[in-house]
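# Tertiary structure, described
Each chain, letter by letter, is given below.
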Amino acid sequence: DANDLGKGTYPYYMAKEIDEQPAVMRKIIQNYQNEQGELEMDPEILDSILASDRIYIVACGTSYNAGWVGKQLLEKTTNIPTEVHLSSEFGYNMPLLTEKPFFIFLSQSGETADSRQVLVQVNEMGYPSLTLTNVPGSTLSREAQFTLLLYAGPEIAVASTKAYTAQIAVMSILAELTAKAKGLPVEMDVAHELAIVASAIESVIDDKEIFEQLSLTHLSTSRNAFYIGRGIDYYLVMEASLKLKEVSYVQTEGFAAGELKHGTIALIEDNTPVISIITDKKTAGHTRGNAHEVISRGAHSMIISMDGLNQPEDAYVLPKVHELLTPLVSVIPTQLIAYYTSLHRGNDVDKPRNLAKSVTVE
Ligand code: G6P
C-alpha cells in the first residue's frame, strides 16, 4: 500500500504527525528567517494590517481553535483588536464590521467551503485578506490577497495536530513582525522562544507512555470527559476537547473553569474524568480550586500544569515556555490522550467515522 510508505514505523499518521511537531517548529523558524537570521515576511502584509483598525480571524474546526490563541497573541503583541469567528456563522450572520477590517483565514487545507464563502464576500466588499495554509496554491491561498505558509508538511490524519501548532507559531511570527513594524517594544524574541518550544514539545513527547497509561485507566471505558482551563488555557481546552471527541467518540467538552459552578458542574458524577490545564500564573490558583470542587463531587481529576506554578505533586509538569506560547506545549499531552484513547478503543485513528479531512461543501 503506497500510503503506508509515508507512515514509516508508525501505526497511524496521527502518531507520526504528533511526533513531527518539534521539527515543524524548527522548519517554520528557518523558513521565516532571512540570510541574516532575522525573522522576515512580505512587508505588504504588515503594512496592510497596520492600515486596518481590526483583525477578523475566520476559520472552522481546529483552525478556529488556533484562531483564539492567535487573537491573544495578536492583541497582546500588536494592540490591534482581534475577533475570532466560525466561517459557517460569519458568512450568514455577518457582524457589524469596523471601517477598516483585515481578514485572516486559517485553513490547513485551504479548501474548506465554509471559509471560502466568507472570502468570496470579503473580496466583493474589497477588504484585504490573508490566508494561513499548509497547501500552496490551494483555493483560499489563490483567492486571498496574501498567503503565509505553515510548512508543516502533508497532514494526512483527519484529526489535525501539527497544523494547529504550526498555525499558532506562524501567527506568533506575524504578531511580532507587525508589532515591530508598528514601532512597539518587542514582547518576545519569537525565533528564540519557538526554539525553546520545540525542545519542550520533544520532552513531553518523550513522556508519551504517561498519557497512554492515563488514557487506559481513565478514558478507555468512560462515556464522557471534561477539560477545564481559564484564559489562554480555556482556548487550549476547546481544542483538547475537540481532538478527544473526534477520534475517541467520548463525549468531551472544554469549559471555562470559572463557568463550572454556573451550570456544568451538574454533569460531574463518580469517576467522571476532568482534566485541568494550568499554565497561567494569574489563574492557576482558581483553576486548582475548580479541580478540588470536582474532586469533592467524585470526579477523577488530572492536572497538567506548567513548571514554576507550585502545583500539587500528582500534576504532570510541562517545561516552561513564554506565556503567550503555552498552548504549543500544553496541547501535546491532549493530542497524545486523544490518540491513545482512540487506539485503545479500537477506532480507526486516522479516519474517524463521519469525518472528512477537508470539507468542500457548505
Ligand atoms: C474538517 C477537518 C478538521 C479541520 C476542519 C477545518 O472538518 O476534519 O480537522 O480542522 O475541517 O479544516 P481546514 O483545512 O480549513 O483547516
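Residues numbered from 1 in each chain as written. Predicted model: local features only at pLDDT ≥ 70, side-chain atom pairs only at ≥ 80, totals over all residues.

An unreviewed UniProt entry lists the protein chain under the name Glutamine--fructose-6-phosphate aminotransferase [isomerizing], with Desemzia incerta given as the organism. The protein chain has a UniProt comment under Subcellular location (unreviewed entry) that states "Cytoplasm". Looking at the protein chain in UniProt, the text filed under Subunit (unreviewed entry) is "Homodimer." (UniProt positions renumbered as here; feature names shortened; annotations may be inferred.)

Summing up its helical and strand segments, the protein chain has 14 helices and 10 strands in all. In terms of overall size, the protein chain behaves like a compact globule, its C-alpha atoms giving a radius of gyration of 20 Å where 362 residues would be expected to give roughly 21 Å. Taken over the C-alpha atoms alone, the protein chain extends approximately 55 × 50 × 45 Å along its principal axes. In the protein chain, 75% of the contacts between residues at least 6 apart in sequence involve partners at least 24 apart. (Helix = DSSP H or I, 4+ residues; strand = E, 2+ residues; numbered from the N terminus. Rg over C-alpha atoms; globule rule 2.2 N^0.38 Å. Contact = placed C-beta atoms within 7 Å.)

Inspection of the region around the ligand gives 17 residues, with Gly61, Thr62, Ser107, Ser109 and Thr112 positioned closest. Here the shell around the ligand gets 3 residues from one element, more than from any other, and that element is helix α5 (residues 61-78). (Near = placed C-beta within 6 Å.)

Moving on, we get to the pairing of strand β4 (residues 129-133). Here β4 lies mainly inside the structure; 5 of its 5 residues are buried. Burial along β4 is two-sided: Ser129, Thr131 and Thr133 and Leu130 and Leu132, pointing in opposite directions, are all buried. In this sheet, β4 lies alongside strand β3 (residues 101-107) in parallel orientation, the contact comprising 5 bridges. By the bridge assignment for β4, phenylalanine 103 is matched with serine 129. Read as a crossover between parallel neighbours, the route from β3 over helix α7 (residues 113-125) to β4 is right-handed. Note that β4 and strand β5 (residues 146-149) share 4 bridges and pair parallel. Looking at the pairing, leucine 130 lines up with phenylalanine 146 of β5. (Buried ≥ 20, exposed ≤ 12 C-beta atoms within 10 Å, placed from the backbone. Pairing = 2+ DSSP bridges. Right-handed = clockwise from strand over helix to strand, strands pointing away.)

Moving on, we get to the packing of α5 against helix α9 (residues 162-181). Between α5 and α9, the shortest axis-to-axis distance is 9 Å and the interhelical angle comes to 20°. Compared by their axis directions, α5 and α9 come out roughly parallel. In the packing of α5 onto α9, the handedness of the crossing is right-handed. Of α9, the residues touching α5 (which contributes Thr62, Ser63, Asn65, Ala66, Val69, Gly70, Leu73, Leu74, Thr77 and Thr78) are Ala163, Tyr164, Gln167, Ile168, Met171, Ser172, Ala175, Glu176, Thr178 and Ala179. Residues of the contact of α5 with α9, tallied by class, amount to 10 nonpolar, 9 polar and 1 charged. (Axes fitted to C-alpha atoms, helices over the stretch in contact; angles between N-to-C directions. Parallel < 35°, antiparallel > 145°, perpendicular 65-115°, else oblique. Left-handed = near helix turned anticlockwise from the far one by under 90°. Nonpolar A, V, L, I, M, F, W, Y, C, P; charged D, E, K, R; others polar.)

Our next topic: the sheet that holds β4. With parallel pairing, 5 strands are arranged side by side in an open sheet as β2-β1-β3-β4-β5. A single partner strand is all that each edge strand has here, and the edge strands are β2 (82-86) and β5. The average angle at which neighbouring strand axes cross in this sheet is 20°, direction not considered. Where strand β1 (residues 54-59) meets β2, 5 bridges bridge the pair, whose relative direction is parallel. Following the sheet pairing, isoleucine 57 is matched in β2 by valine 84.

Within helix α3 (residues 21-31) the residues assigned to the buried category are Gln21, Pro22, Val24, Met25, Ile28 and Ile29. Viewed end-on, α3 has its buried residues packed into an arc of 165°, placing them on one side of the element. At its buried positions, α3 is contacted by α2 (13-19), α9 and α10 (190-206). (Arc of directions from axis to C-beta.)

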